[in-house]
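Letter by letter, the chains look like this.
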Amino acid sequence: MTDTLRDLIVSASALVVGVALGWAAYAAAARRARRREQLFFGLPEGSECVLVTHRDSTSPHWNIPRHDALAMLALAAVVDNCGAHAEVAPHDTGLQGFGARTEFCLGDPTTHRRLAAHLAGLLPGVAVDPGDEAGEGRGTFTVGGTAYRPEPGTVEYVLLARLTAGDGGRPVFLAAGQRPVTHRAAVRHLVRGRSRLARKYGSHGTFCLLLKVVNSQAYGPDLVELVADVTREATTAPSRQRGAKTA
């Protein structure tokens, strides 16, 4: 065997070993990332979850508003990546209590029964104005003494929360917004920022974020700003106040 051939064999062997070690490191990192994602979403391999949305009020059938449907598609990709299984259910169907399986609940809390129940029970510090007979003030959030009024198409707000309660300890994710585009924006914020949120709040942490969707008539759900982390205010029942200021 010549020196040249020996060098080629050694180089090829080193390359194969390097590729194998690199692939093994990549696969191990991917498994760790998937495991962190499963913990954050409460979706271990083979588990069940439920996606709860409301019916389109303009249709006699169960049609899901477009932005809500797209938000659920993004969530379905997360569920699939975790190796879990999802059920889609309308808000006015009798569902079991929370905690036994992960729940993603998105919609307008003035018309979404289950979402309204979750806000009342889990986020007592949040008030949602149902509006007067003319619809004035409908959907306005009041959190921590501040009212956040929607300006349709210009400025709209949505609450994104991860809460744990009930038997089983599986989380409930809420996207409670003032228009369907805001629900989609909140889900995007959750899906794209899941690693950052898991690092900040932990795999089992509770949080409630107030997000602002800016100029949705031009940018849809793409331009989102974090207004504040309102976890403490939202999870604490408010004392009697003389009035709320407006954001």
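Cut-offs applied
- Residues numbered from 1 in each chain as written.
- Predicted model: local features only at pLDDT ≥ 70, side-chain atom pairs only at ≥ 80, totals over all residues.
- Heavy atoms only, no water.
- Helix = DSSP H or I, 4+ residues; strand = E, 2+ residues; numbered from the N terminus.
- Buried < 20%, exposed > 50% of the residue type's maximum accessible area, 1.4 Å probe, protein only.
- Contact = heavy atoms within 4.5 Å.
- Core = buried A, V, L, I, M, F, W, Y, C linked by side-chain atoms within 4.5 Å.
- Pairing = 2+ DSSP bridges.
- Arc of directions from axis to C-beta.
- Patch = residues over 30% accessible without salt bridge, like charges linked within 9 Å, V, L, I, M, F, W, Y side chains within 5 Å.
- Areas by Shrake-Rupley, 256 points an atom, 1.4 Å probe, with all protein chains shown as cover.
- Salt bridge = Lys/Arg side-chain N within 4 Å of Asp/Glu carboxyl O.
- Lys, Arg positive; Asp, Glu negative; His and termini not counted.
- Charge placed at Lys NZ, Arg CZ, Asp CG, Glu CD.
- Axes fitted to C-alpha atoms, helices over the stretch in contact; angles between N-to-C directions.

A.B. asks: Before we move on, could you go through the overall build of the protein chain and cite the residues and values that matter?
C.D. replies: Looking only at helices and strands, the protein chain features 7 helices and 11 strands. Residues counted as buried form 42% of the 247 residues belonging to the protein chain. The contacts of the protein chain with a sequence gap of at least 6 include a subset with a gap of at least 24, amounting to 66%.

A.B. asks: Lay out the nonpolar core with the relevant residues and their values.
C.D. replies: The biggest cluster of nonpolar side chains holds 30 residues, and the ones touching the most others in it are Phe-40, Phe-41, Leu-43, Leu-75, Phe-104 and Leu-190. In contact with Phe-40, not counting residues within four places along its chain, are Arg-162, Pro-171, Phe-173, Leu-190, Arg-194, Leu-197, Ala-198, Gly-202, Ser-203 and Phe-207. Core analysis: the next-biggest nonpolar cluster, separate from the first, contains 24 residues, Val-52, Leu-115, Val-126 and Val-230 among them.

A.B. asks: Kindly report on the sheet that holds strand E6 (residues 146–148), identifying the contributing residues and their values.
C.D. replies: Working definition: the strands of a sheet are paired by backbone hydrogen bonds and lie parallel or antiparallel to each other. Spatially, the 4 strands line up as an open sheet ordered E4-E5-E6-E11, and their pairing is mixed. Each end of this open sheet is capped by a strand with a single partner; those strands are strand E4 (126–128) and strand E11 (245–246). Of the strand pairs in this sheet, E6 and E11 are connected by 2 bridges, and their pairing is parallel. When the sheet's bridge partners are listed, Thr-146 is paired in E11 with Lys-245.

A.B. asks: Please set out helix H3 (residues 113–122) residue by residue, giving values where relevant.
C.D. replies: Because each turn of an α-helix spans 3.6 residues, side chains separated by three or four positions in sequence point in the same direction. Inspection of H3 places Arg-114, Leu-115, His-118, Leu-119 and Leu-122 among the buried residues, and these make up the whole buried set. Burial along H3 is one-sided: seen end-on, the buried residues are contained in an arc of 140°. With respect to the buried face of H3, the exposed residues turned more than 90 degrees away are Arg-113, Ala-120 and Gly-121. In this structure, the buried side of H3 is in contact with strand E1 (48–53), strand E3 (102–107), E4, strand E7 (155–164), strand E8 (171–177) and helix H7 (231–235).

A.B. asks: If you had to explain a negative patch on the surface to someone new, which residues and values would you point to?
C.D. replies: Taken together, the side chains of Asp-129, Asp-132, Glu-133 and Glu-136 present a region of like negative charge at the surface. By the secondary structure assignment, Asp-129 is in the loop between E4 and strand E5 (141–143). What makes Asp-129 partly exposed here is its relative accessible area of 31%.

A.B. asks: Break down the sheet that holds E8 for me, citing the residues and quoting the values.
C.D. replies: If you trace the 7 strands from one edge of the open sheet to the other, you get E2-E1-E3-E8-E7-E9-E10, paired in mixed fashion. Both outer strands of the open sheet, strand E2 (85–90) and strand E10 (224–229), are each paired with one neighbouring strand and no more. Strand-to-strand twist in this sheet, taken as the mean axis angle between neighbours without regard to direction, amounts to 20°. Relative to E2, E1 runs parallel, the two being bridged by 6 bridges. Note that in E2 the partner of Leu-51 across the bridge is Val-88.

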